[in-house]
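Chain by chain, the residues:
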Amino acid sequence: MKKTTARLADGREIIYFDESEDAHRELHDPRDLPERAPGSELRRDPLTREQVVVAAHRQSRTHLPPSDQCPLCPSSTDRHTEVPATDYDVVAFENRFPSLSGDEGRCEVLCFSSDHNTSMAQLGSARVRTIVDAWADRSAALAELPGVEQVYCFENRGEEIGVTLHHPHGQIYALPFVTPRTADVVASARAHREETGGNLFDDILSAERKGPRVVLENEHWTAFVPEAARWPVEVHVHPHRDVPDLPSLDDAERDAFAELYTDLLGRFDRLFDRPLPYISAWHQAPVRDSEARNLSRLRLEIFSIRRAENKLKYLAGTESGMGVFINDIAPETTAQRIREATP
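Residues numbered from 1 in each chain as written. Predicted model: local features only at pLDDT ≥ 70, side-chain atom pairs only at ≥ 80, totals over all residues. Heavy atoms only, no water.

### A closer look at the pattern of salt bridges
Any two side chains of opposite charge can pair, given that their charged atoms come close. Here is the rule we go by: When a carboxyl oxygen of Asp or Glu is within 4 Å of a side-chain nitrogen of Lys or Arg, the pair counts as a salt bridge. Strands are runs of DSSP state E lasting at least 2 residues, helices are runs of H or I lasting at least 4, and numbering of each runs from the N terminus. Summary of the burial criterion: residues with accessible area below 20% of their type's maximum are buried, those above 50% are exposed, and those between are partly exposed, where the area comes from a 1.4 Å probe applied to protein chains only.
Under the definition given, this model contains 35 salt bridges. As a salt-bridge pair, Glu 108 and Arg 138 come within 2.7 Å of each other at their nearest N and O atoms. Placement of Glu 108 in strand S6 (residues 106-111) and of Arg 138 in helix H1 (residues 125-143) is noted, with a sequence separation of 30 residues between them. One exposure class covers both Glu 108 and Arg 138, and it is buried.

### Topic: the pairing of strand S3 (residues 41-44)
Applied cut-off: The pairing criterion for strands is at least two bridges between them, as found by DSSP.
For S3 and strand S4 (residues 51-54), the ladder comprises four bridges, and the chain directions are antiparallel. Pairing of Arg 44 across the sheet is with Gln 51, part of S4.

### Considerations on the sheet that holds strand S5 (residues 90-94)
This is how it is decided: Axis angles are defined between N-to-C directions and span 0 to 180 degrees, where every axis is a line fitted to C-alpha atoms and, for a helix, only to the segment in contact. Two residues form a contact once any of their heavy atoms are found within 4.5 Å.
Taken together, the 11 strands give an open sheet; going across it, the order is S1-S2-S5-S6-S8-S7-S12-S13-S11-S10-S9, and neighbouring strands pair in antiparallel fashion. The open sheet has two free edges, formed respectively by strand S1 (2-7) and strand S9 (214-217), since each of these has just one partner strand. For this sheet the average axis-to-axis angle between neighbouring strands, irrespective of direction, equals 20 degrees. As paired elements, strand S10 (residues 221-224) and strand S11 (residues 233-239) share four bridges and run antiparallel to each other. Considered in S11, the bridge of Trp 221 is made with Pro 239. Where H1 meets the sheet, its contacts fall on S1, strand S2 (13-18), S5, S6, strand S7 (150-157), strand S8 (169-175) and strand S12 (278-283), and the angle it forms with S6 comes to roughly 165 degrees. Sheet strands touched by helix H7 (residues 331-340): S9 and S11. Its angle to S9, the strand with the most contacts, is close to 40 degrees.

Spatial relationships are all this shows, so hold off on functional conclusions.
In structure tokens form, the structure reads like this:
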């Protein structure tokens, strides 16, 4: 993989990840861009002690533009986009409308392909492997920034989820705090170790691999619907080796993930014979808290709000008000449907 770094017209960093060492990318951005957006603000909820990000400048961000105005497509001689090159494989750049910026963190966009009309599921395992390498590269780089406590790689897919740009892409957040979800899981892992002497993730994976909810597995990864799934479609993908983050994966594990993930996303789109809206979320260990890092394990969680061909799950009173999820579909049923969703 060839990595090329440059700067956009307003000073934001852009990084190309090319599958050919012979690739040449345009490094000059000819646009006349306004000054970068003002920084976001972190506010702490005194009741829950959770951080809330206030990013008022995002009200003016690009929203569902027509395909010929997509800012993530390659540039052409008559239209300049966020990517100066006329073609690319995978590219990352600082978000023009970031949720986090300045001293409060950093947000990057990761485009999976120059093809506006494709999707992660259609890219093939070779491209997904390049994306894994890009995730790992950016995770390592962002973890080195001062004040960053956790790096979060994710993809939102589908207007039902809230996607505002249809071009296949994900995002990477360098967070100046450990997220509430991660803190809760670390607390559970700590309690499990104190109560049983065991590793929470090892024990979960061992139990799931013996049960009815496994949907896919290979030498290095297992994908399963968790016993207490919150969402109508929810799959967790765990590595078999105890690793804290994406940069820690070796070549064999990255290859095996790319194969499994491509298969899994294809099955998702066959569940209802239409593209499945989903959120795909990498859980990585905190980067500075050594105890939390030792108690954490890398894993991917993917979930969808689609519960039937023409029905979506909306967060209602118990979920939104109290955080108590009610799932209308048994996890064992979901697992069986995914296993049966073969080509």
